[in-house]
Amino acid sequence: DAMVIQNPRYQVTQFGKPVTLSCSQTLNHNVMYWYQQKSSQAPKLLFHYYDKDFNNEADTPDNFQSRRPNTSFCFLDIRSPGLGDAAMYLCATSRTGRSTDTQYFGPGTRLTVL
Amino acid sequence: AQRVTQPEKLLSVFKGAPVELKCNYSYSGSPELFWYVQYSRQRLQLLLRHISRESIKGFTADLNKGETSFHLKKPFAQEEDSAMYYCALTHGSSNTGKLIFGQGTTLQVKP
């Protein structure tokens, strides 16, 4: 089945230790998104890629970076995780990025910062 | 500022009862409105979008621009409807598809 895959499902890191979360898709979609969802809060967009073009949200901290080496893969790098970065990280894709497009979500990676 | 508000964190009903999950939005323009659903131990997925004007799993939602609302309704709730429901919008003229989510409502359908 074509889908969005996130690895790992659970990630534990130490305060200040860099961590990378991975997302891959078999849908061949042009757009890939990373959302952060803290406990009992709404998912919030961090950034997205339209093909190779990176688009950062204005309020995304510099601590968060992303890479998209090819159509299928997208990575979220947290350079120096703080306790406040503990959250569920959701990857999503859409075919064209148009406002009416469906977004397809991965299962999420739950990040714990010790 | 663009905002989506779901006033109820939890809505609990009995099987067969009508359900209405409320969603109000604040947006200066013509947004596209969606309902996404997350069943237990499953990923977030699209339930329906206003532009399609369709009924999915018995759910409907009507966009009321005057009241800036997009409430989700079902006449007879089923136990399998128990899930977390998120209302969301995108900018109507956007080519990024950025979703702005409400905080979600947990629907609990009791037998």
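Residues numbered from 1 in each chain as written. Chains lettered and ligands numbered in written order. Predicted model: local features only at pLDDT ≥ 70, side-chain atom pairs only at ≥ 80, totals over all residues. Heavy atoms only, no water.

1. With respect to the environment of B:Gln108
Residue and element names in this part refer to chain B. If you trace the backbone, glutamine 108 turns up in strand β11 (residues 105-110). For glutamine 108, a relative accessible area of 37% corresponds to the partly exposed category. It is 8.3 Å that separates the C-alpha atoms of glutamine 108 and phenylalanine 14, two residues lying 94 residues apart in sequence. Not counting residues within four places of it along the chain, the set of residues in contact with glutamine 108 comprises Leu10, Leu11, Ser12, Val13 and Ser82. A distance of 3.0 Å separates a polar atom in the side chain of glutamine 108 from a polar atom in the side chain of serine 12. (Helix = DSSP H or I, 4+ residues; strand = E, 2+ residues; numbered from the N terminus. Buried < 20%, exposed > 50% of the residue type's maximum accessible area, 1.4 Å probe, protein only. Contact = heavy atoms within 4.5 Å. Polar contact = N/O pair within 3.5 Å; in protein donor to acceptor, adjacent residues only side chain to side chain.)

2. Here's the deal with the interface of chain B and chain A
Listed by partner, the interface residues are 22 residues for chain B and 24 residues for chain A. For the pair chain B and chain A, the summed buried area comes to about 1800 Å², and 51% of that belongs to carbon and sulfur atoms. Across the chain B-chain A interface, the total number found is one salt bridge. A:Glu57 is the salt-bridge partner of B:Lys98, the closest N and O atoms lying 2.6 Å from each other. Applying the counting criterion to the chain B and chain A interface returns 11 residue pairs in polar contact (both at pLDDT 80 or more). Mapped by element, the contributors of at least two residues to the side of chain B that touches chain A are β5 (32-38), β6 (45-49) and β9 (83-90) of chain B. No other element matches β5(B), which puts three residues into the side of chain B that touches chain A. In terms of residue class, the side of chain B that touches chain A is built from eight nonpolar, nine polar and five charged. (Buried area = accessible area lost by both parts, 1.4 Å probe. Salt bridge = Lys/Arg side-chain N within 4 Å of Asp/Glu carboxyl O. Nonpolar A, V, L, I, M, F, W, Y, C, P; charged D, E, K, R; others polar.)

3. Some points on the sheet that holds strand β3 (residues 19-25) of chain A
Residues and elements named next belong to chain A. With antiparallel pairing, four strands are arranged side by side in an open sheet as β1-β3-β8-β7. The sheet is open, and its two edges are formed by β1 (4-7) and β7 (64-67), each paired on a single side. Looking at each pair of strands side by side, their axes are set apart by 20° on average, direction ignored. Where β7 meets strand β8 (residues 73-78), four bridges bridge the pair, whose relative direction is antiparallel. When the sheet's bridge partners are listed, phenylalanine 64 is paired in β8 with isoleucine 78. (Pairing = 2+ DSSP bridges. Axes fitted to C-alpha atoms, helices over the stretch in contact; angles between N-to-C directions.)

4. Considering the layout of surface pockets
Volume-wise, the largest pocket comes out at about 670 Å³. Around the largest pocket, the lining is made up of 30 residues, and of these A:Gln37, A:Met88, A:Arg110, B:Gln38 and B:Tyr86 lie nearest the centre. Contributions of two or more residues to the lining of the largest pocket are made by β9 (87-94) and β11 (109-113) of chain A together with β9 of chain B. Among the elements that line the lining of the largest pocket, the one with the most residues is β9(A), at three residues. Broken down by class, the residue content of the lining of the largest pocket amounts to 12 nonpolar, 12 polar and six charged. Its volume calculated, the second largest pocket comes out at about 390 Å³. Residue lining of the second largest pocket: 18 residues in total, with A:Pro43, A:Lys44, A:Leu45, B:Ile100 and B:Phe101 positioned closest to the centre. Of all the secondary structure elements, the ones that give two or more residues to the lining of the second largest pocket are β4 (31-37) and β5 (44-50) of chain A together with β1 (3-5) and β10 (100-101) of chain B. Looking at side-chain class alone, the lining of the second largest pocket contains seven nonpolar, five polar and six charged residues. (1 Å grid on protein atoms, 1.4 Å probe; cavity = no way out; pocket = protein on both sides within 12 Å on 5 of 7 lines; lining within 4 Å. Points joined across faces, edges and corners; volume = space filled by probe spheres on them.)

Fair warning: the whole summary comes from geometry, so function is off the table for now.
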